[in-house]
There are 2 protein chains.
Amino acid sequence: MEIQLAKKAGFCFGVKRAVETADSLSKKEHDDVIYSYGEIIHNNNVLELLKSQGIKVANSMEEITNSCARVIIRAHGVGKEIYNELNGINADIIDMTCPFVKKIHDIVNEYYDKGYQIIIVGDKDHPEVIGINGWCENSAIILYDNIDESKLNNISKACIVAQTTITRQKWNEIINLAINNIKHIVINDTICNATSTRQAEAIDIAKQVDLMIVIGSPKSSNTKKLYSVCKEFCEATYLVEGSSNLKQIMDTINITSIQKVGITAGASTPKWVIDDVIELLK
Amino acid sequence: MEIQLAKKAGFCFGVKRAVETADSLSKKEHDDVIYSYGEIIHNNNVLELLKSQGIKVANSMEEITNSCARVIIRAHGVGKEIYNELNGINADIIDMTCPFVKKIHDIVNEYYDKGYQIIIVGDKDHPEVIGINGWCENSAIILYDNIDESKLNNISKACIVAQTTITRQKWNEIINLAINNIKHIVINDTICNATSTRQAEAIDIAKQVDLMIVIGSPKSSNTKKLYSVCKEFCEATYLVEGSSNLKQIMDTINITSIQKVGITAGASTPKWVIDDVIELLK
């Protein structure tokens, strides 16, 4: 069995930076608990490791009980009001917002102040999109699927940004809807290249293999998309969180018929999880 | 023979305003010659009438010999440097630039000053486009057909405007090229509704008739486009400048086979030319 591992599998720049910072902070001596505001990444393996090192996940401000707490803002970023509330309790903010997401916050903040209607192309329930929307007082129109085009009527000027992990196809589709309805639009292509490069490489591999394994959390937006683009080119594509998950799947497949296996991983998947999967396959 | 005349045939708002102003000025008593900077509209009938009333066409600054001359700027508009030169000879400028075109000048001027690359979607040889380009020191990238996409590489921020008379199809096509190449784009849909409404109505009529007549000059951008969209739906579509032109065409057609005739006219075609054509058909 030949295994082909994607070069761009795993942690992207922003996630790597956030996880490594959390990891190194948790290893230093300190009295206070360290919070991460929301799960630091969509990966149970990493989360359990960090938990064991004393990083506590706070899902809301109410869960941060002590003032002057140290609070890590994850790569996904948060809205303006969360910074205000954290400053209100004198929290020591460790801001690990991905710089590419921070740029989106700045654009949204600037154009909202100028009176533009903000439009976000992305998943309204995704933390990154919720955070972006928090830079225009949660007034954004958020578009992805099943679009009600009437929402775009009567807008004189709009500023459009993209959730970093959406596909270029989805972006183009929605830009076309927007330009048919709005006269003056500021378009900011904020799709992260890390995502599209990872997808393009995964497609290349999926075309050539009998079995394609995508490693990552089913909660992760970029992992789910990686799975769906691979599935288009390789019917036998599976999404697994780690090696234990893979074992169950292997039991259901006729392994002898498989000559080539492709592997890629979402932006929140650490290297050791990928290594585990490869080990199991071998 | 049933004749169906488009409601939106003929003069658009901007042209009507320019021609009526030229006409009324030429009828007033005055000592000076009145110049129009370029042909006031693309229509020989109107131009001859105005010429007979003392409106002289100046195709360049050199042709305006007397200082303090009265100079009409036509609906198409001109670049910033022409205003400067006219002011330099103390000309009395009668600015009949269509307000929709003037708005394009303002956008281009503003974003050029902010360091944006200006992109004009339109015909590089059309006076309107030449005028628009004169608001960014003639530095615009002008796109229409046979596009060399490499021109769009390495542009960090761009501002796109449309020649008022282009089709929405062409606009969408070029916006898609642009968004695939440039990260930050300010899109200004400056297509004039008068043009698209006229086109949509003409298509509706062309679908129902045996013969479609488009009245206007072959020099006029919007007339040529009106002709080509009608031709798609009615093979027997003809472009005529007026009734004399139509006579020649009628000689070549088997008129007895025609039951329904559709008529539309470009933005530069005066009402009396349309009336003449209807009279001849009757």
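Residues numbered from 1 in each chain as written. Chains lettered and ligands numbered in written order. Predicted model: local features only at pLDDT ≥ 70, side-chain atom pairs only at ≥ 80, totals over all residues. Heavy atoms only, no water.

(A) Representation of the overall build of chain A. Helix and strand counts for chain A stand at 10 helices and 12 strands. What you see for chain A is a C-alpha radius of gyration of 20 Å, in line with the 19 Å of a compact globule of 282 residues. Seen through its C-alpha atoms, chain A measures out along the principal axes to roughly 60 × 55 × 25 Å. For chain A, the proportion of its 282 residues judged to be buried stands at 54%. (Helix = DSSP H or I, 4+ residues; strand = E, 2+ residues; numbered from the N terminus. Rg over C-alpha atoms; globule rule 2.2 N^0.38 Å. Buried < 20%, exposed > 50% of the residue type's maximum accessible area, 1.4 Å probe, protein only.)

(B) The arrangement of the sheet that holds strand 4 (residues 70-73) of chain A in detail. Residues and elements named next belong to chain A. With respect to topology, 4 strands assemble into an open sheet ordered 3-2-4-5, the strand pairing being parallel. Either end of the sheet is taken by a strand with one partner, and the two such strands are strand 3 (55-58) and strand 5 (92-95). Pairs of neighbouring strands in the sheet enclose a mean axial angle of 30 degrees, with direction left out of account. Direction of pairing for strand 4 relative to strand 5: parallel, over a ladder of 4 bridges. Residue pairing for strand 5: R70 is matched across the bridge by D92. Against the sheet, helix 3 (residues 80-88) makes contact with strand 2 (34-37), strand 4 and strand 5, and its axis sits at roughly 145 degrees relative to strand 5, the strand it touches most. (Pairing = 2+ DSSP bridges. Axes fitted to C-alpha atoms, helices over the stretch in contact; angles between N-to-C directions. Contact = heavy atoms within 4.5 Å.)

(C) Quick peek at a negative patch on the surface. Together, E62, E63, E81 and E85 of chain A make up a negatively charged patch on the protein surface. Assignment of secondary structure puts E62 of chain A in the loop between strand 3 and strand 4. (Patch = residues over 30% accessible without salt bridge, like charges linked within 9 Å, V, L, I, M, F, W, Y side chains within 5 Å. Areas by Shrake-Rupley, 256 points an atom, 1.4 Å probe, with all protein chains shown as cover. Salt bridge = Lys/Arg side-chain N within 4 Å of Asp/Glu carboxyl O. Lys, Arg positive; Asp, Glu negative; His and termini not counted. Charge placed at Lys NZ, Arg CZ, Asp CG, Glu CD.)

(D) View of the relation of the copies chain B and chain A. Of the transformation placing chain B onto chain A, the axial shift is 0.1 Å and the rotation is 179 degrees, giving an RMSD of 0.1 Å. Seen this way, the second copy is the image of the first under a two-fold rotation axis. Rotation axis and chain B: the residue whose C-alpha lies nearest the axis is V186 of chain B, separated from it by 2.1 Å. Comparing interface residues between copies, 100% of those in chain B also sit at the interface in chain A, which points to an isologous, same-surface contact. (Least-squares fit on C-alpha atoms with pLDDT ≥ 70 in both.)

(E) Molecular detail of the confidence of the model for chain A. Here chain A shows a mean pLDDT of 91. Residues at 70 or above account for 99%. Prediction confidence for the complex, expressed as pTM and ipTM, is 0.80 and 0.74 respectively. (pLDDT = per-residue confidence, 0-100.)

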